[in-house]
Amino acid sequence: MTGTTALARTTAYKMAVNGTLYPAEDILPVFQNSDLRHVSNESAFWSLCPEPILNGQPMQFCTPSAYLELFLHLGVNIIELTGNHLRDYDWPPLIETLQLLEQNGISYYGSGRTIAEAAEPLFLEHNENRFVFLGCNISGPEHVFVTDHLPGANHCDFDKMVALVEKFSDAGYIVVVTLQYYETYSRFPTEMQARDFERLSNAGAIIVSGSQAHLSQTMRPYADRFIHYGLGNLFFDQMDRPVTGTRQEFLDRYVFYKGRLLQVELITALLEDYSRPRLMDGIERQEFLEEVFSYVE
């Protein structure tokens, strides 16, 4: 599972200059050695995207449709669509994104053409493990949410989410919940964030993972389940901006056997050239993990 991805702004420019596959070159083996490959994609694919500009920092995100090739190269097979920027250019890019993923056989969740579709769980079965993915956005902005008339992201209703988690957990599914929560640029979760994540975990979610964090956050391990409040960026252009640490990334690999969580491997990466993460060296990893673990209760 990976955190925030937005193939926009300077990241998109670097891809235009160096090739669509440029961001993946140093972390491809991580994806190749995994069966289910999750990306939280916050920027809609659109064939009419403006040309990316070097060091352009607009808050309106858009990704050229051809850049889906990056995800196909990585073998991404689960796309989370709960992001804040999915409707920055209104609803046509989101519709095109849904169509593009469907045409390429990539499963997605967290957004839809209707309220029911946006809230629909994603069911996957692999090696006798039955997974269900649930995702929602609590932070907005208001125009990104699905309505009776326009497509958009699933608006969080934690009472309904808890009921779904309990239902699917009781039915024997491995329940994975990912949340587009409020951004804080803090290693430690807010009191409200900790409460909401733990409520879902206590209801039976094996994984509760924060997809909102541009700055990696701490985690809460249990014997049979795991909370990670925020993984940080995957592909994005924040080179230690607006705070130091946004280059540091988690890619969480979960190992399951016969419906049980056996292991969580915390893979650590460091963003280079506004677009291209690489695995941390030993010293970088030690310093990063020591800092993050200092906040673990």
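The shown structure was predicted, so the numbers you read here are calculated from the model rather than taken from an experiment. (Residues numbered from 1 in each chain as written. Predicted model: local features only at pLDDT ≥ 70, side-chain atom pairs only at ≥ 80, totals over all residues. Heavy atoms only, no water.)

Participant: So what exactly am I meant to see when it comes to the layout of surface pockets here?
Facilitator: The probe, sized like a water molecule, is rolled over the atoms to show the empty space still left. Empty space within the largest pocket amounts to approximately 560 Å³. Along the wall of the largest pocket there are 28 residues; nearest its centre are Ser34, Asp35, Leu36, Arg253 and Tyr254. Of all the elements in the fold, those that place two or more residues in the lining of the largest pocket are α2 (28–32), β9 (129–137) and β15 (248–257). Partitioned by chemical class, the residues of the lining of the largest pocket number 15 nonpolar, 7 polar and 6 charged. (1 Å grid on protein atoms, 1.4 Å probe; cavity = no way out; pocket = protein on both sides within 12 Å on 5 of 7 lines; lining within 4 Å. Points joined across faces, edges and corners; volume = space filled by probe spheres on them. Helix = DSSP H or I, 4+ residues; strand = E, 2+ residues; numbered from the N terminus. Nonpolar A, V, L, I, M, F, W, Y, C, P; charged D, E, K, R; others polar.)

Participant: Which parts of the structure should I look at to understand the nonpolar core?
Facilitator: Here is a general trend for soluble globular proteins: nonpolar side chains tend to be buried in one another's company. If you look at the biggest cluster of nonpolar residues, it comprises 33 residues, and the most contacted ones within it are Leu7, Phe31, Leu70, Phe71, Leu74, Ile79 and Leu251. Secondary structure elements with two or more residues in this core: α1 (9–18), α2, α3 (68–74), α4 (92–103) and β16 (260–272). For Leu74, the residues in contact, after removing those within four places along its chain, are Ala24, Leu28, Phe31, Arg37 and Phe235. Counting 24 residues, the second-largest nonpolar core is a separate cluster that includes Ile78, Val176, Met280 and Phe288. (Core = buried A, V, L, I, M, F, W, Y, C linked by side-chain atoms within 4.5 Å. Buried < 20%, exposed > 50% of the residue type's maximum accessible area, 1.4 Å probe, protein only. Contact = heavy atoms within 4.5 Å.)

Participant: Hey, could you run me through the sheet that holds strand β6 (residues 107–109) in this one?
Facilitator: Whenever strands of a sheet pair, they do so through backbone hydrogen bonds, lying parallel or antiparallel. Strand order in this open sheet of 4 strands is β1-β2-β5-β6, and the pairing throughout is parallel. Two strands lie at the open edges of the sheet, namely β1 (4–5) and β6, each paired on one side alone. Pairing between β1 and strand β2 (residues 38–41): 2 bridges, direction parallel. Looking at β2, one finds that Thr4 is bridged to Ser40. (Pairing = 2+ DSSP bridges.)

Participant: Hey, could you run me through the packing of helix α6 (residues 158–170) against helix α7 (residues 191–202) in this one?
Facilitator: Helix packing geometry: the angle between the two helix axes and the distance between the axes. With their axes 8 Å apart at the nearest point, α6 and α7 run at an angle of 25° to one another. Accordingly, the angle class assigned to the pair α6 and α7 is roughly parallel. Where α6 abuts α7, its residues Phe158, Asp159, Met161, Val162 and Val165 lie against Asp196, Arg199 and Leu200. By residue class, the composition of the contact of α6 with α7 is 5 nonpolar, no polar and 3 charged. (Axes fitted to C-alpha atoms, helices over the stretch in contact; angles between N-to-C directions. Parallel < 35°, antiparallel > 145°, perpendicular 65-115°, else oblique.)

Participant: Could you clarify how one ought to interpret the state of the cysteines in this entry?
Facilitator: Put plainly, two cysteines are in a disulfide when a covalent bond ties their sulfur atoms together. Overall, the coordinates contain 2 disulfides when judged by the stated rule. Here Cys49 pairs with Cys62 through a disulfide, and the sulfurs are 1.8 Å apart. Judged by the sign of its S-S torsion, about -105°, the bond between Cys49 and Cys62 is left-handed. Taken as a pair, Cys49 in the loop between β3 (45–46) and β4 (63–64) and Cys62 in the loop between β3 and β4 lie far apart in primary sequence, 13 residues in all. Across the pair, Cys62 and Cys49 agree in class, each one buried. Here Cys136 engages in a disulfide with Cys156; their sulfurs sit 2.0 Å apart. (Disulfide = S-S within 2.5 Å.)

Participant: Can you walk me through the environment of Glu265 in this structure?
Facilitator: The residue Glu265 is located in strand β16 in this model. Each C-alpha atom, one on Glu265 and one on Leu251, is 8.4 Å from the other, the two residues being 14 residues apart in sequence. Not counting residues up to four positions away in its chain, the partners in contact with Glu265 are Leu251, Asp252 and Arg253.

Participant: How do you make sense of the sheet that holds strand β12 (residues 207–210) when you look at a structure like this?
Facilitator: The strand order across the open sheet formed by 6 strands is β8-β9-β11-β12-β14-β13, and the pairing between neighbours is mixed. Across the chains shown, the open sheet's two edge strands, defined by having one partner strand only, are β8 (122–126) and β13 (219–221). The mean angle between the axes of side-by-side strands here comes to 15°, regardless of whether they run parallel or antiparallel. Here β9 pairs with strand β11 (residues 174–180) via 7 bridges, running parallel. Looking across to β11, one finds that Phe131 is bridged to Ile174. Of the strands in this sheet, β8, β9 and β11 are in contact with α6, which crosses β9 at around 180°. Packed onto the sheet, α7 meets β11, β12, β13 and β14 (226–228) and runs at close to 160° relative to β12.

Participant: Please explain the packing of aromatic side chains as it appears in this structure.
Facilitator: One pair of aromatic rings is described through two measures. These are the centre distance and the angle between the planes. A full pass over the atoms with the stated rule returns 14 aromatic pairs. Measuring from centroid to centroid gives 5.3 Å for Tyr181 and Tyr182, while their planes differ by 80°, and the two rings are edge-to-face. For the pair Tyr181 and Phe197, a centre-to-centre distance of 5.6 Å together with 80° between the ring planes defines the contact as edge-to-face. With Tyr181 in the loop between β11 and α7 and Phe197 in helix α7, the pair connects residues that are 16 residues apart, well separated along the chain. This pair shows no difference in class: Tyr181 is buried, exactly as Phe197 is. A network of ring pairs unites the aromatic residues Tyr109, Phe131, Phe133 and Phe256 as a single cluster. Positioned over the ring face of Tyr173 is Arg130, at 4.2 Å from the centre of the ring. A cation over a ring is seen here: Arg225 above Tyr222, with NZ or CZ 3.9 Å from the ring centre. (Phe/Tyr/Trp six-rings, centres within 6.5 Å; stacked < 30°, edge-to-face > 60°. Lys NZ or Arg CZ within 6 Å of the ring centre and 35° of its normal.)

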